[in-house]
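# Results of the structural survey
Residues per chain, in single letters:
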Amino acid sequence: MPDPNGFLRYDRRLPARRPVPVRIMDWREVYPPAGEELIREQATRCMDCGIPFCHDGCPLGNRIPDWNDLVRTGGWDAAVDSLHATNNFPEFTGRLCPAPCEAACVLGLGGQQPVTIKQVEVEIADAAVARGGLAPRPASAPTGRSVAVVGSGPAGLAAAQQLARAGHAVTVYERDDAIGGLLRYGIPDFKLEKRHIDRRLAQLSAEGVRFRTGVNVGVDVTAEQLRAEHDAVLLACGALEGRDTPDTPGRGLRGVHQAMTHLVAANRAVAGQPDGAAEGLGRPAPAVLPDGTPIDAAGRHVVIIGGGDTAADCLGVAHRQGAAGVYQLDLYPEPPRSRDDARDPWPTWPWILRDYAAHEEGGERVFAVAVQEFVDDGTGQVRAVRIAEVTVEKRDGRRIVTPLPGSERELPADLVLLAIGFEGTERQPLLEQFGLARNARGAVDARPNWQTATDGVFVAGDMHRGASLIVWAIAEGRAAAAAIHAYLGGAGGLPAPVDPARQPLAAR
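Figured I'd write up the structure that's included with this text. (Residues numbered from 1 in each chain as written. Predicted model: local features only at pLDDT ≥ 70, side-chain atom pairs only at ≥ 80, totals over all residues. Heavy atoms only, no water.)

## Focus on the overall build of the chain
When its secondary structure is counted, the chain shows 18 helices and 14 strands. Whereas a compact globule of 508 residues would reach a radius of gyration of roughly 23 Å, the chain reaches 23 Å, a difference of no more than 12%. C-alpha extents for the chain along the principal axes are approximately 70 × 60 × 55 Å. Buried residues in the chain amount to 52% of all 508 residues. Contacts in the chain between residues at least 24 apart in sequence constitute 68% of all its contacts with a sequence separation of at least 6. (Helix = DSSP H or I, 4+ residues; strand = E, 2+ residues; numbered from the N terminus. Rg over C-alpha atoms; globule rule 2.2 N^0.38 Å. Buried < 20%, exposed > 50% of the residue type's maximum accessible area, 1.4 Å probe, protein only. Contact = heavy atoms within 4.5 Å.)

Shown next as structure tokens:
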């Protein structure tokens, strides 16, 4: 039984981040290991509530009170097993997920501090590696059925692992030159060092998953060929079509880019280092686009438009590339520091000010402003952004942005990055070839059994849900794998933590 007084004896504590002057000189992860004593203390704060709302906050259904108590009592091997029972890649989620489970923790009631669930999770995941590695679990016998997984992000990889362990022959197709999707080239190393991905890929390979990189399905391989070679197909291509501002004057100037374009170029530069690439050490070569266009922040005045995770990733990258200065612009007013129960009652995800590690490294955040114009230097290169203070309101489901007269000013900008969200999965040949269309959200619809409008073709992750959290991607990958297993006549059943209609906790 958990310690009923643990939350009274211990306050919430996290390991100290690496010092800013040190960490911005390399690309290693911001957080060092927590240490066993600290993490056992934090796990002791879990009360094992009669109704653990953290289960509902996490779409994976992680057994959070179970593995918290196992850590408290020193049962690390059992904690590893409990965590892996619901989550294929806890070392990814423990580093990248914003932790809706913590927002739903009962200790968060009344403005108190929730259990450090995410930190306990990542320490258990790292303990799995330290205590014997990630042992492969190959199937005892093949089923003779074959599945193609298109896309190698967390949804595709989770589905591939589940299906391979069930005995199906799984081939993952990835158009990039390396496996991992956004984990590989979208997430900076200071949040996720790529050695974690490589360890999992070694495990999946040992379990029988085949990987084919540099294959753009719909171009290099047609949908017809894929269906002829496999008994089922899972589409897990993500939601990478970035939202744009095509009507803003000056949008076509040099130096104005989508945020993901910058992040991918930066990640490729770090991965291309001859030495220390796995740890993200040292200064990489300047980031460039595939056509050689410079997109590095070194010595530049950078303006990042957007207030979410992607914008914060760009901020951290700009610091490490040596930007002369950085502004991060947010359309909305500055959020409160604590939950507004009238707006976002517990246990829903609250709208609060979130300070990412990158924010303590420098730069200036500007709230309640919108760009009115990207200013030309006279040669077709952006030199500034003209902004105005704005108010934002919703009318009949539409967002109305109103500039305040007389509030306009300019900010210097040699490099502008648009991190204003995503509009769904990319328009690409494979959609038409599979007989599919994007819905109004830019996603691909799924029937209750995770099949698309085309029989035998399934969809999961951001391609189905729209840009979302890594825990939702893994949950949908696992659920789609269960549906595919049933479609192929597999014996028994696989875990299916969510259905296609499932939504996050929300106030009605």
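After presenting the structure, the write-up continues.
## What to know about the pattern of salt bridges
Applying the stated criterion across every chain yields a total of 36 salt bridges. Between R18 and D26 there is a salt bridge, with its nearest N and O atoms 2.7 Å apart. With relative accessibility at 11%, the residue R18 sits in the buried group. Since its relative accessible area comes to 10%, D26 is described here as buried. Linking R195 and E193 is a salt bridge whose minimum nitrogen-to-oxygen distance equals 2.7 Å. Given a relative accessible area of 5%, E193 falls into the buried group. (Salt bridge = Lys/Arg side-chain N within 4 Å of Asp/Glu carboxyl O.)

## A short note on the pairing of strand β1 (residues 146-150)
The two faces of a sheet get side chains in turn, since along a regular strand they alternate between them. Most of β1 is tucked away, with five of its five residues classed as buried. Residues S146, A148 and V150 point to one face of β1 and V147 and V149 to the other, with burial holding for every one of them. Two strands pair when backbone bridges link them, and β1 and strand β2 (residues 169-174) are joined in this way by five bridges, in the parallel orientation. The residue of β2 that forms the bridge with V150 is Y173. Since β1 and β2 lie parallel, the crossover through helix α10 (residues 154-165) that links them has a hand, and here it is right-handed. With four bridges connecting them, β1 and strand β4 (residues 232-235) associate as parallel partners. The residue of β4 that forms the bridge with A148 is V233. (Pairing = 2+ DSSP bridges. Right-handed = clockwise from strand over helix to strand, strands pointing away.)

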